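What the coordinates show
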Amino acid sequence: MITMNEQTNTLTASRTEMKSLIDEAITKRIKSLPDRSALKTLDTATPKNAEREKIRKTFRFFSALAANNFAELHAIQSGYDPDYVKLLSPQIEGTSTAGGYLVPEEFFADVIYLLNEFGFARKYCATVSMKTNVLNVSTLTGKPSVTWTDENTTIAASKATFGRLSLTAKKLAAIYPISNELLDDANIDIYNTIVRIFTNVFAQEEDTQVFRGSGTPFNGILNTSGVITTYLGGGSSSGKTKYTDIAFDDLITLVQSVSPAQQRGAALHSN
């Protein structure tokens, strides 16, 4: 039974009564069409049949809305395909000229590179600060000798000898040209990235000079006079020069060539 609440201006009806109201409204709408002679064609695929379908969809929507039928509303929405979407050719991201150029490409805000383990020389060498371009360092060139003596005998005199080592400062530098625009616009930390890259490059060059520098500008350990050289195979003429030529006996010979006192804190490096 359909009831009307005049205070709240609301209409209460059952599902069957609501369907009856919708059918009656559709019938009235059809009868209001100017061309009444074409009513017989409503059940065929004609524009008027499409008009009837639009009316049904409208009442279906309001009926679901009044009943808080969210499942029905979702079904109506999923099947909604307005005609203007079919007619237009929208701009899209997938085609460059149709809008793709307006969307910036993603960029991972970091630089991936191989971080080599350089800088061994600084770990094992003493670092000497210099306030001028030349620094003189006293060196021990000879140690005193000791002898066993008997009671009430003359003790042989012996003393150490000293020398002087002159350290001359050299500059290792590089210029990295970069525009202000790149510094301002790049989405990575350009400054810190460049510092990290050059730190590794400087460390690599330091290792080269410390271990095998040939006088330009420094003499490295391998090219310094007085350094004991141990060859693979027992001699420089053995013909063994590659890593694959290293045998266990060669490693034993290398370790034994260094005194026990010098072995403390010693390390093996390859170049």
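What comes next is a walk through the structure. No experiment lies behind these values; they were computed from the predicted model shown.

**Re the overall build of the protein**
- The helix and strand inventory of the protein stands at 9 helices and 4 strands.
- Secondary structure elements of the protein, listed N to C terminal, follow the sequence β-β-α-α-α-α-α-β-β-α-α-α-α.
- In the protein, buried positions account for 11% of the 271 residues.
- Taking the contacts inside the protein whose residues are at least 6 apart along the sequence as the reference set, 45% of them involve residues at least 24 apart.
- Summed over its atoms, the accessible surface of the protein is roughly 23,200 Å², and 56% of this surface lies on carbon and sulfur atoms.

**Here's the deal with the layout of surface pockets**
- There is about 510 Å³ of room inside the second largest pocket.
- If you trace the second largest pocket, you find 19 residues lining it, with Arg15, Met18, Ile22, Ser63 and Ala64 closest to the centre.
- For the lining of the second largest pocket, the element with the most residues is helix α2 (residues 47-66), which contributes 8 residues.
- Split by residue class, the lining of the second largest pocket holds 8 nonpolar, 3 polar and 8 charged.

**A closer look at helix α7 (residues 190-212)**
- Compared with the 33 Å implied by 1.5 Å per residue over 23 residues, the 33 Å span of α7 between its first and last C-alpha is a close match.
- Of the residues making up α7, those classed as buried are Ile190, Thr193, Ile194, Asn200, Ala203, Asp207, Gln209 and Phe211.

**Topic: a nonpolar patch on the surface**
- A contiguous nonpolar surface patch, about 710 Å² in accessible area, is contributed by Tyr243, Ile246, Phe248, Leu251, Ile252, Leu254 and Leu268.
- Tracing the backbone through its elements, the reader meets leucine 254 in helix α8 (residues 248-256).
- Here leucine 254 falls in the partly exposed class, since its relative accessible area comes to 31%.

**Some details on unusual backbone geometry**
- That bond from threonine 216 to proline 217 is cis: its omega, 0 degrees, falls within 30 degrees of zero.
- Tracing the backbone through its elements, the reader meets proline 217 in the loop between α7 and α8.

Rules used throughout
Residue numbering note: each chain is counted from 1, following its sequence as written. Since the coordinates come from a predicted model, pLDDT governs what is reported: local features require at least 70, and pairs of side-chain atoms require 80 or more to be given and counted, while whole-chain, interface and lining totals use all residues. Heavy atoms throughout the structure, all of them, feed into the side-chain values; hydrogens and water do not. Numbering of helices and strands runs from the N terminus; a helix is a DSSP stretch of H or I covering at least four residues, while a strand is a stretch of E covering at least two. Relative accessibility decides the category of a residue: with a 1.4 Å probe and only protein chains considered, values under 20% of the type maximum give buried, values over 50% give exposed, and everything between is partly exposed. The contact criterion used throughout is that any non-hydrogen atoms of two residues lie within 4.5 Å. Only the protein chains shown count as cover for residues, with accessible areas throughout obtained via the Shrake-Rupley method and a probe of 1.4 Å. Definitions used for this entry: grid spacing 1 Å over protein atoms alone; cavity, a set of points where a 1.4 Å probe fits but cannot get out; pocket, an open set with protein on both sides within 12 Å along at least 5 of 7 lines; lining residue, one with an atom within 4 Å of a point. Grid points are joined across faces, edges and corners, and a volume is the space filled by probe spheres set on the points. Each residue gets one of three labels, nonpolar for Ala, Val, Leu, Ile, Met, Phe, Trp, Tyr, Cys and Pro, charged for Asp, Glu, Lys and Arg, and polar for the others, Gly among them. Given the number of residues in a helix, its expected span is that number minus one, multiplied by 1.5 Å. Here the term patch refers to residues with relative accessible area over 30% and no salt bridge, with like charges joined within 9 Å and nonpolar side chains (Val, Leu, Ile, Met, Phe, Trp, Tyr) within 5 Å. Salt bridge criterion: a side-chain nitrogen from Lys or Arg within 4 Å of a carboxyl oxygen from Asp or Glu.

From the geometry alone we can't say anything about function, so treat these as descriptive.
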